[in-house]
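For reference, the chains in residue letters:
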Amino acid sequence: MEEKRAVTMDKLVNLCKGRGIIFPGSDIYGGMGNTWDYGPVGVEIKNNLKKLWWKRFVQQADNSYGVDAAILMNARVWEASGHTASFSDPKMDCKFCKTRHRADNLIEAHSHGTVNPDTMTNEEMEAYIKEHNVVCPKCGKCDFTPIRQFNLMFETSRGVTEEGQNKIYLRPETAQGEFVNFLNVQRTTRAKVPFGIAQIGKAFRNEVTPGNFIFRTIEFEQMEHQFFCKEGTDGEYYEFYKKAAMQFLIDLHISADHLRFKDHDKLAHYAKAACDIQYYFPIGWSELNGIHNRTNYDLSRHQEYSGKSMLYVDPVSGEKYIPYDIEYSIGADRLMLAVLSEAYDEETLENGETRVVMHFHPAVAAYKAAILPLQKNLSEKAKEVYKKLAEYFPVTYDEAGSIGKRYRRQDEIGTPMCITIDFDTLENDTVTVRDRDSMEQIRLNISELKDHIDEQIKF
Ligand code: ATP
């Protein structure tokens, strides 16, 4: 699909920087490649996304429980999970301009997605690159070093003395925190299979080619949900989570036309089924989240490496088994990028001016309403309204500049309602409420505002 969209990555980066959504990391020191800091508006939006995800997949789920596990884990965890041995990407350097690339990504881009490098060996990828004259995107030469597998885990060490130091890792995914707590959660909640364990937290990957704003960073947040079920029911739950993951995105007001399932062509040896949901990012169709049927591989491996039995005993039948796991995993930052890309619009107004507007779902927007006194001498009443609403919602207050300019600023950060205090407010306690998307205005009593906002932000 070739669709004309107002959004580009450059426009998003600029808007985010200018409006306090996302800043380059360590900005005053000239930045630190591929790290980003969320600003006052961005942190609210991202927190809202995380809260909505948690509400949907933990709070409203029949049998799901949350954990918040440590980032630093026993190094044996990563041996059991297979990350120490094989969490790597095929890296090659351009001999001419010295830039580093992922061989699989070069092939994918060159073939416009018609060739799947996941099914190729390193030798096959090298041969393909030579044969098809796949060139370095920076300098245009086809002269690369041989492919080397590059482990993506960040290493560090613990221990106070030089000799006593042990190598440990910053976790490259949150999932293992859920697996290692399987027994703890099951025992303390007395959960019966099927049940889920969810977690939201930071993960770190020394990516070969990070970039594209917050699409691929070296530090990011994941929202992961493992659903443990009995073998034989796994197919049904896999389909269930595929649907639920898609519905969550649609409910966030991401257009179904910008979303699609993509089955993995090559499955990991332990996986029974795997697919991604791709979003039509400004860089093209790319993975937004994954759903995997991981069988009982992870719990079995942890049983083997820890020596602790992961057998679940069915309380009715007495049957003993290691449950299967359906994993649903989505990056909070990548979701943020999808939501920003989807919300961005440029509209031409009747007076010929252009307004940039972010059409976030009101539940996602940083501030639910902006309180704007028409003139400065109405600020006392406006602050009263602000304080009243701030008890219930994140709201913002702005009295600087013309009302038109203030509307524009709120449109750019996606505030769904602007509440204007004018001289009538002093007389009869009514205010004007302007809708971000339609720009229509209605008159409400101050006492009606809470219910009105509540209605708009339902998710
Ligand atoms: P990719 O193919 O894009 O490298 P992946 O298949 O390695 O992703 P998973 O390990 O399945 O990704 O991670 C689950 C989710 O975490 C991804 O769908 C994505 O939303 C997010 N994610 C993974 N790596 C990064 C990253 N470097 N930066 C931001 N988000 C990420």
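In every chain, residue numbers begin from 1 and rise along the written sequence. With pLDDT at 70 or above as the cut-off, local features in this predicted model cover only qualifying residues; side-chain atom pairs require 80 or more to be listed or tallied, and sums for whole chains, interfaces and linings still use all residues. Based on all heavy atoms of the structure, the side-chain values leave hydrogens and waters out of the count.

Engineer: Which residues make up the overall build of the protein, and what values go with them?
Structural biologist: Of the regular secondary structure elements, the protein holds 15 helices and 23 strands. The globule rule used for comparison is 2.2 Å times the number of residues to the exponent 0.38, while the radius of gyration itself is calculated over C-alpha atoms. In terms of overall dimensions, the protein is globule-like: its C-alpha atoms have a radius of gyration of 25 Å, near the 23 Å expected for 459 residues. Viewed in the frame of its principal axes, the protein has a C-alpha envelope of about 75 × 65 × 50 Å. Classification of residues uses two cut-offs on accessible area relative to the type maximum, computed with a 1.4 Å probe and protein chains only: under 20% is buried, over 50% is exposed, and between them is partly exposed. For the protein, the proportion of its 459 residues judged to be buried stands at 51%. A separation of at least 24 residues holds for 65% of the contacts in the protein among residues at least 6 apart in sequence. Note on areas: these come from Shrake-Rupley sampling with a 1.4 Å probe, and a residue is covered only by the protein chains present in the view. With an accessible surface of roughly 22,200 Å², the protein has 48% of that area assigned to carbon and sulfur atoms. When charges are counted, Lys and Arg are positive and Asp and Glu negative, with His and the chain ends excluded. The atom standing in for a charge is NZ when the residue is Lys, CZ when it is Arg, CG when it is Asp and CD when it is Glu. Here the protein contributes 57 positive and 69 negative side-chain charges, whose respective centroids are spaced 3 Å apart. In this text, helices come from DSSP runs of H or I with a minimum length of four residues, and strands from runs of E with a minimum of two, each type numbered from the N-terminal end. In this analysis, two residues are considered to be in contact whenever any of their non-hydrogen atoms come within 4.5 Å of each other.

Engineer: I'd like to hear about the site of the ligand, residue by residue, with values.
Structural biologist: Proximity criterion: a residue is near a molecule or strand once any of its heavy atoms comes within 4 Å of it. Looking at the ligand, there are 15 residues lining it, with Glu207, Arg216, Thr217, Glu287 and Leu288 nearest. Definition of a polar contact: a pair of N or O atoms within 3.5 Å, with one able to donate and the other able to accept a hydrogen when the atoms are protein atoms, and with sequence-neighbouring residues admitted only if both atoms are side-chain atoms. With respect to the ligand, the backbone of Phe215 contributes an N or O atom lying 3.5 Å from a nitrogen atom. Between an oxygen atom of the ligand and a side-chain N or O atom of Glu287, the distance comes to 2.6 Å. Surface burial for the ligand is 84%, taken as the share of its 600 Å² of free accessible area covered by protein chains. Within the residue set of the shell around the ligand, elements represented by two or more residues are strand E10 (219-229), strand E13 (284-293) and strand E16 (324-331). Examining the composition of the shell around the ligand, we find that 4 residues originate from one element, E13, more than from any other. Here the residues of the shell around the ligand sort into 4 nonpolar, 6 polar and 5 charged. All residues other than Ala, Val, Leu, Ile, Met, Phe, Trp, Tyr, Cys, Pro, Asp, Glu, Lys and Arg, Gly among them, are scored as polar; the first ten of these are nonpolar and the last four charged.

Engineer: Describe the packing of aromatic side chains, with residues and values.
Structural biologist: Any pair of Phe, Tyr and Trp rings, taking the six-membered ring for Trp, is counted once the centres come within 6.5 Å. Such a pair is stacked with planes under 30 degrees apart, edge-to-face with planes over 60 apart, and tilted for the rest. Counted according to the given criterion, the structure contains 22 aromatic pairs. The interplanar angle of 15° and the centroid separation of 5.7 Å between the aromatic rings of Phe182 and Phe195 together place this pair among those described as stacked. Here Phe182, found in helix H8 (residues 182-189), pairs with Phe195, found in strand E9 (residues 195-204); they are 13 residues apart in sequence, far enough to count as distant. The buried category is assigned to Phe182, whose relative accessible area is 1%. With a relative accessible area of 0%, Phe195 lands in the buried category. Ring centres of Tyr386 and Tyr397 lie 6.1 Å apart, and the angle between their planes is 70°; on these two criteria the pair is classed as edge-to-face. Of this pair, Tyr386 sits in helix H12 (residues 379-390) while Tyr397 is found in strand E20 (residues 395-397), placing the two residues 11 residues apart along the sequence. Given a relative accessible area of 28%, Tyr386 falls into the partly exposed group.

Engineer: Break down the domain arrangement of the protein for me, with residues and values.
Structural biologist: Split by domain assignment, the protein resolves into domain 1 (9-72 + 152-340), domain 2 (88-151) and domain 3 (367-456). Computed over C-alpha atoms only, the centres of domain 1 and domain 3 are separated by 37 Å. Contact residues are listed per partner, giving 6 residues for domain 1 and 6 residues for domain 3. Take the accessible area each of two parts loses on contact, using a 1.4 Å probe, and add the two losses: that sum is the buried area. For the pair domain 1 and domain 3, the two sides together bury roughly 550 Å², of which 57% comes from carbon and sulfur. It is Arg19, Val41 and Glu44 in domain 1 that bury the most area against domain 3; as a group they hold 64% of the surface buried on that side. One speaks of a salt bridge when a side-chain nitrogen belonging to Lys or Arg is within 4 Å of a carboxyl oxygen belonging to Asp or Glu. Summed over the shared surface of domain 1 and domain 3, the result is 1 salt bridge. Where each domain begins and ends follows an automated or database-derived domain assignment.

Engineer: Please provide a residue-by-residue account of helix H6 (residues 122-131), values included.
Structural biologist: Turning to H6, its buried residues number three or more, namely Met125, Tyr128 and Ile129. Considered in projection along H6, the buried side chains sweep an arc of 95° and stay on one side of the axis. For H6, exposure combined with an orientation more than 90 degrees from the buried face picks out Glu123, Lys130 and Glu131. On its buried side, H6 packs onto strand E4 (88-93) and helix H5 (103-110). Positive phi shows up at Asn133, right after H6, with a value of about 50°. In this description, one arc is meant: the one made by directions from the helix axis to the C-beta atoms.

Engineer: Describe the side chain of Asp89, listing the residues and the values that go with them.
Structural biologist: Tracing the backbone shows Asp89 in strand E4. On the basis of relative accessible area, Asp89 is assigned to the buried category, the value being 10%. In terms of polar contacts, Asp89 uses its side chain to reach the side chain of Arg102, at 3.3 Å. With residues near it in sequence (within four places) discarded, Asp89 still touches Arg102, Arg148, Gln149, Phe150, Leu152, Glu207 and Val208.

Engineer: Outline the side chain of Gln199, listing residues and values.
Structural biologist: By the element assignment, Gln199 lies in strand E9. On the accessibility criterion, Gln199 (0% relative accessible area) is buried. If near-sequence neighbours (up to four positions away) are discounted, Gln199 is found in contact with Trp53, Trp54, Val67, Asp68, Ala69, Arg171, Thr174, Gly177, Glu178, Gln222, Met223 and Glu224.

Engineer: Pulling in residues and values, what's your account of the sheet that holds strand E6 (residues 148-151)?
Structural biologist: The pairing criterion for strands is at least two bridges between them, as found by DSSP. Pairing within the open sheet is antiparallel, and its 3 strands lie in the order E5-E4-E6. The open sheet has two free edges, formed respectively by strand E5 (100-102) and E6, since each of these has just one partner strand. Within the sheet, the average angular offset between the axes of one strand and its neighbour, ignoring direction, is 50°. Examined bridge by bridge, E4 and E5 share 3 bridges and lie antiparallel to one another. By the bridge assignment, Asp93 is partnered in E5 with Arg100. What counts as an axis is a line fitted to C-alpha atoms, over the stretch in contact for a helix, and the angles between N-to-C directions run from 0 to 180 degrees. Along the sheet, H5 contacts E4 and E5; its crossing angle with E5, the most-contacted strand, is approximately 70°.

Engineer: Which residues make up the packing of H5 against H6, and what values do they have?
Structural biologist: With their axes 10 Å apart at the nearest point, H5 and H6 run at an angle of 45° to one another. On the basis of their axis angle, the class for H5 and H6 is oblique. Here H5 and H6 pass one another in a crossing that is left-handed. Residues Ala103, Asp104, Ile107 and His110 of H5 form the contact with H6, whose participating residues are Met125, Tyr128 and Ile129. Residue composition of the contact of H5 with H6, by class: 5 nonpolar, 1 polar and 1 charged. Put simply, angles under 35 degrees are roughly parallel, angles over 145 are roughly antiparallel, angles from 65 to 115 are roughly perpendicular, and the rest are oblique. By the definition used in this description, the sense in which the near helix is turned from the far one sets the handedness, with an anticlockwise turn below a right angle giving left-handed and a clockwise turn giving right-handed.

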